[in-house]
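# Chains, contacts and geometry: an overview
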2 protein chains.
Amino acid sequence: MSETIEPISAMAAELNRLPGIGKKTALRLAYFVASMPLEDVRSLSVALWEGRKAIRFCETCGNYAAGPTCAICADAARHNGQLCVVRDPRDVAAMERMHAYSGLYHVLHGTLSPMDGIGPDQLRIKELIARLEKGDVREVILATNPDVEGEATASYLARLLKPFGVRVTRIAHGVPVGGDLEYTDEVTLQKALEGRREV
Amino acid sequence: MSETIEPISAMAAELNRLPGIGKKTALRLAYFVASMPLEDVRSLSVALWEGRKAIRFCETCGNYAAGPTCAICADAARHNGQLCVVRDPRDVAAMERMHAYSGLYHVLHGTLSPMDGIGPDQLRIKELIARLEKGDVREVILATNPDVEGEATASYLARLLKPFGVRVTRIAHGVPVGGDLEYTDEVTLQKALEGRREV
């Protein structure tokens, strides 16, 4: 926009790169930042840069960590033989929010996507195998997303891990709680029917 | 959230201070920033901080400027005797987007709000008077928002500026273009009726 002066349009261009922040929102935020006290902008700017620099990955599971090991892997009470495999650290946070899983995680940092050049070697699968070889794991729960790449990754891992003699499970697909049969797509409904259980 | 490590929650806390960015969005953005390449985070962080530091206000009209004078005041073709009074620089950007106004602006940097301790002395009203005293202004267009503070500020300025012998006008209130009578509130409808013109 020609009406916007350079510092503001530069801020907007950077903010526009964040997910869910379109051009209009980015410009609105840039105008807001322009009107913030200098000190507040400094602390925002520093939090982003210093925060990003402080991000480490847990050497064991691949989750975000402030040190070499994440809080979950460091918690001895959680070494219960269960390993939940997820795509990325955000999924760990989602699982943790339900407060109902007390095992460990393994973060793949992606899912198989041959079109994008992401094969097994680009994911943390070697590290997963290494953890299984130690023999402490009884069950691997495949919790990749229920989309094409997530399903492909889960099938691949299921075949790969069976020989290790561990239980390999996949999270259930079905009608979401609070959902409505009428508005549920056919594939989900079919999965819900297939996954039916006696009550 | 106890599941979120410190650098991410610190980023989220700062992002949460921006308008329209709630706790969930802030956390989602913080996770995204955590996964961005270091170099991209640096350029975001630097754009915000350097951008904010580079913001100056035009010494004449109070609009955002990269130097002592904004691009609008520096444009000799726009010195046509019209002065549009707005609350803040964002309103200048809104007016400019319509590409139909070719005069100058005067930014008040707020509106009268006795409850918040904002009286005439806290706004750029002295500067407005000084511009009128120079004698180049023929018309002052009051374009503060059509809310309580904006209307009060417009009435105040109308009384204050009349003695200078300039034409003082207020932007029209009415049904928005593309709006629907059925969903227009009574006050707006009343203003639209009062402001009716012969066709």
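Data block above holds the structure.
Read on for a plain summary of the structure.

The rules we used
- Residues numbered from 1 in each chain as written.
- Chains lettered and ligands numbered in written order.
- Predicted model: local features only at pLDDT ≥ 70, side-chain atom pairs only at ≥ 80, totals over all residues.
- Heavy atoms only, no water.
- Contact = heavy atoms within 4.5 Å.
- Buried area = accessible area lost by both parts, 1.4 Å probe.
- Salt bridge = Lys/Arg side-chain N within 4 Å of Asp/Glu carboxyl O.
- Polar contact = N/O pair within 3.5 Å; in protein donor to acceptor, adjacent residues only side chain to side chain.
- Helix = DSSP H or I, 4+ residues; strand = E, 2+ residues; numbered from the N terminus.
- Nonpolar A, V, L, I, M, F, W, Y, C, P; charged D, E, K, R; others polar.
- Buried < 20%, exposed > 50% of the residue type's maximum accessible area, 1.4 Å probe, protein only.
- Pairing = 2+ DSSP bridges.
- Axes fitted to C-alpha atoms, helices over the stretch in contact; angles between N-to-C directions.

As a further point, take the interface of chain A and chain B. If you look at the interface, chain A gives 47 residues, while chain B gives 47 residues. Approximately 4700 Å² of surface area, both sides summed, lies buried where chain A meets chain B, with 73% of it carried by carbon and sulfur atoms. At the boundary of chain A and chain B, one finds two salt bridges. At the boundary of chain A with chain B, the tally comes to 10 residue pairs in polar contact (both at pLDDT 80 or more). Secondary structure elements with two or more residues in the side of chain A that touches chain B: helix H1 (6-15), helix H2 (23-35), helix H3 (38-54), strand S2 (64-65) and helix H4 (89-97) of chain A. Looking at the side of chain A that touches chain B element by element, the count peaks at 14 residues for H3 of chain A. Of the residues in the side of chain A that touches chain B, the class split is 31 nonpolar, five polar and 11 charged.

The next subject is the pattern of salt bridges. Residue and element names in this part refer to chain B. A complete count under the given rule lists 16 salt bridges over all chains for this structure. The partner of Glu50 in a salt bridge is Lys53, with the nearest N and O atoms 3.7 Å apart. Pair noted here: Glu50 and Lys53 are both in helix H3 (residues 38-54), with a separation of three residues, about one helical turn. Note on Glu50: relative accessible area 40%, which makes it partly exposed. Among the residues examined, Lys53 registers a relative accessible area of 35% and is labelled partly exposed. Notably, a salt bridge pairs Glu151 with Arg170, separated by 3.4 Å at the nearest N-O pair. Residue Glu151 is located in helix H6 (residues 148-161), and its partner Arg170 is located in strand S6 (residues 167-170); the two are separated by 19 residues in the primary sequence. The class for Arg170 is partly exposed, based on a relative accessible area of 27%.

Hydrogen bonding along the main chain pairs the strands of a sheet, whether they run parallel or antiparallel. Residues and elements named next belong to chain A. In spatial order, the strands read S4-S3-S5-S6; together these four strands make up an open sheet with parallel pairing. Edge positions in the open sheet fall to strand S4 (104-107) and strand S6 (167-170), since each of these has one partner strand only. On average, adjacent strands in this sheet sit at an angle of 25° to one another, irrespective of strand direction. In this sheet, S6 lies alongside strand S5 (residues 139-142) in parallel orientation, the contact comprising four bridges. Looking across to S6, one finds that Leu142 is bridged to Arg170. Contacting strand S3 (82-86), S4 and S5, helix H5 (residues 125-133) runs over the sheet at an angle of about 150° to S4.

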